[in-house]
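# Close look at the chain arrangement
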Amino acid sequence: EKGGYDYFMLKEIAEQPKAVADTLLGRIGTDGRLTLDELRISDADLRTVDKVVIVACGTAFHAGMIAKYAIEHWTRVPCEVEVASEFRYRDPILDDRTLVIAISQSGETMDTLMALRHAREQGAKVLAICNTNGSTIPRESDAVLYTHAGPEVAVASTKAFLTQLVACYLVALYLGQVRGTKWGDEISAVIRELGDAPKQVEQVLETMEPVRELARSLADAKSVLFLGRHVGFPVALEGALKLKELAYMHAEGFAAGELKHGPIALIEDGLPVVVVVPSPRGRSILHDKIVSNIQEIRARGARTIVIAEEGDEAVVPYADHLIRIPATPTLLQPLVSTVPLQVFACELATAKGHEVDQPRNLAKSVTVE
Ligand code: M6R
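Read on for a plain summary of the structure. Note that the coordinates shown come from a computational prediction; the quantities given were computed from them, not determined experimentally.

A tally of helices and strands in the protein chain yields 14 helices and 10 strands. Here the C-alpha atoms of the protein chain give a radius of gyration of 20 Å, agreeing with the 21 Å that 2.2 N^0.38 yields for 369 residues. Projecting the C-alpha coordinates of the protein chain onto the three principal axes gives extents of approximately 55 × 45 × 40 Å. When each of the 369 residues of the protein chain is scored for burial, the buried share is 57%.

Here it is as structure tokens:
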């Protein structure tokens, strides 16, 4: 049932192009507009939404962080994202104009379920983004947008994450479409480019051998840091989470701009630091800043592992290891930049002799608070 792979995780990483394609299927019309018929919240209600609040845990929370960038940029509706376990305990401000999005692969995560129950008690509408048909979270929500990743068996979430991103982009774009905000060339272009995502993920998967080799060479590292900016920041957090749960290593993700406010003190000779570089097109100011960060940490001895778009030559002089990803619109980059980090963590954990599908102390779905 592992389809010839040693681990479910490897199989699920390899299935990502199909999972992404399946999640897009039938949702983009031939006219380039989105149809989310299954969304049982009326367009009229979506037009009255004045705030979006996303709740989720772990990897799904990282998808939510990325969604915030997309929702605010494309719709201009304020969006908050919070780990579900914190949400209801701080008496959050919610009413019938709040759209709460609960993201969960399993649909059974108790923290997320309790957060959505709290939101509905306050009159908010809840939209679930979920991978498991008929599970508790979609059943208790006002509406659901299913991800079509297929069953995810490995404890570490991979293909579910990529499809959560796709679902978040679809919701953000749909909100933009319904509300007429910023609807225009940029959004139409993004919808077209989303259609290219499966092919691009495939392209990344085909070039992963050097990443596996690098991961094996780092099996004895004490710690790995991950840096990113903009949507690359949640990707950095996700890369660190994967390494923690699979390789049982100290790993931390930072917003690269925070380096100088503390974490740069951690940099010492030989410390592996993975840097997720934003596109040099688009928000090029961010790109230039992160190139300076790579220079700074390298000057202090870090071993730099740089994930950068094809054609980005500015990073070359400062990258001890360079991992190329295809060029994408800025907001869509996580669909391709996350993949090398999944492969990296899986291979490093295997090199350490760990059981990657069943990491110690963890369960696939966490049904206690
Ligand atoms: O089923 P869910 O998406 O609600 O699960 C949320 C987290 O428990 C989950 O993403 C966890 O962080 C994964 N093990 C990460 O790989």
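Quick look at the sheet that holds strand 6 (residues 223–228) now. Strand order in the open sheet formed by five strands is 7-6-8-9-10, with parallel pairing between adjacent strands. Sheet topology places strand 7 (250–255) and strand 10 (321–325) at the edges, where each strand pairs with a single neighbour. Adjacent strand axes in the sheet meet at a mean angle of 15°, parallel and antiparallel pairs treated alike. Two elements, strand 9 (residues 303–309) and strand 10, share five bridges in a ladder whose sense is parallel. Its bridge partner being in strand 10, valine 306 is matched across the sheet by leucine 322.

Tallied over the entire structure, the rule returns one aromatic pair. Positioned above the aromatic ring of tyrosine 248, the side-chain terminus of arginine 360 is 3.9 Å from the ring centre.

This part is about the pairing of strand 1 (residues 51–56). Counted residue by residue, strand 1 has six buried out of six residues, so it is predominantly covered. By the alternation rule, side chains of strand 1 split into Lys51, Val53 and Val55 and Val52, Ile54 and Ala56, which are all buried. As judged from the five bridges shared by strand 1 and strand 3 (residues 98–104), these two strands associate in the parallel manner. Its bridge partner lying in strand 3, valine 53 is registered against valine 100. Chirality of the crossover, the property in question, places the unit of strand 1, helix 4 (residues 58–75) and strand 2 (residues 79–83) among those that are right-handed.

For helix 8 (residues 159–179), with 21 residues, the first-to-last C-alpha span of 30 Å sits near the 30 Å given by 1.5 Å per residue. Of all 21 residues in helix 8, 20 are buried; the element is thus mostly enclosed. Of the residues flanking the end of helix 8, it is glycine 180, one or two places downstream, whose phi is positive at about 70°.

Turning to helix 2 (residues 16–24), its buried residues number three or more, namely Gln16, Pro17, Ala19, Val20, Thr23 and Leu24. The buried residues of helix 2 occupy an angular sector of 165° when projected down its axis, which confines them to one face. Where the residues of helix 2 are buried, they touch helix 1 (8–14), strand 5 (143–146), helix 8, helix 9 (185–194), helix 10 (197–205) and helix 14 (334–351). Where helix 2 ends, the next residue or the one after it, glycine 26, has phi of about 75°, a positive value.

A few words on the nonpolar core. One finds Val52, Trp74, Ile101, Phe226 and Leu243 to be the most contacted residues of the largest nonpolar core, which totals 93 residues. If you tally residues by element for this core, the top one is helix 8, at 14 residues. One finds Ile267, Leu271, Ile294 and Val315 within the second-largest nonpolar core, a separate group that totals 19 residues.

All chains considered together, the criterion is met by 21 salt bridges. A salt bridge links arginine 212 to glutamate 209; the shortest N-O distance between them is 3.0 Å. Taken together, the residues span about one helical turn, with arginine 212 and glutamate 209 both in helix 11 (residues 209–217) at a distance of three residues. By relative accessible area, glutamate 209 is classed as partly exposed at 38%. In this structure, glutamate 309 engages arginine 281 in a salt bridge whose closest nitrogen and oxygen atoms are separated by 2.9 Å.

Moving on, we come to unusual backbone geometry. For residues that are not glycine, phi is negative in most cases, and the peptide bond is trans in most cases. Of note, aspartate 91 is a non-glycine position whose phi angle comes to about 55°, a positive value. Topologically, aspartate 91 is positioned in the loop between helix 5 (84–87) and strand 3. Positive phi, normally seen in glycine, also occurs at histidine 230, with a value near 55°. For histidine 230, the position within the fold is in the loop between strand 6 and helix 12 (232–247). Histidine 230 sits in the buried class, given a relative accessible area of 16%.

What follows concerns the packing of helix 11 against helix 14. The N-to-C vectors of helix 11 and helix 14 enclose an angle of 45°; their axes lie 8 Å apart at closest approach. Looking at the two axes, helix 11 sits oblique to helix 14. The hand of the helix 11/helix 14 crossing is right-handed. Listed contacts from helix 14 to Val211, Arg212, Leu214, Ala215 and Arg216 of helix 11 are Pro340, Val343, Phe344, Glu347, Leu348 and Ala351. The residue makeup of the contact of helix 11 with helix 14, split by class, is eight nonpolar, no polar and three charged.

Each value, and the rule that gives it
- Residues numbered from 1 in each chain as written.
- Predicted model: local features only at pLDDT ≥ 70, side-chain atom pairs only at ≥ 80, totals over all residues.
- Heavy atoms only, no water.
- Helix = DSSP H or I, 4+ residues; strand = E, 2+ residues; numbered from the N terminus.
- Rg over C-alpha atoms; globule rule 2.2 N^0.38 Å.
- Buried < 20%, exposed > 50% of the residue type's maximum accessible area, 1.4 Å probe, protein only.
- Pairing = 2+ DSSP bridges.
- Axes fitted to C-alpha atoms, helices over the stretch in contact; angles between N-to-C directions.
- Phe/Tyr/Trp six-rings, centres within 6.5 Å; stacked < 30°, edge-to-face > 60°.
- Lys NZ or Arg CZ within 6 Å of the ring centre and 35° of its normal.
- Right-handed = clockwise from strand over helix to strand, strands pointing away.
- Expected span 1.5 Å × (residues − 1).
- Arc of directions from axis to C-beta.
- Contact = heavy atoms within 4.5 Å.
- Core = buried A, V, L, I, M, F, W, Y, C linked by side-chain atoms within 4.5 Å.
- Salt bridge = Lys/Arg side-chain N within 4 Å of Asp/Glu carboxyl O.
- Parallel < 35°, antiparallel > 145°, perpendicular 65-115°, else oblique.
- Left-handed = near helix turned anticlockwise from the far one by under 90°.
- Nonpolar A, V, L, I, M, F, W, Y, C, P; charged D, E, K, R; others polar.

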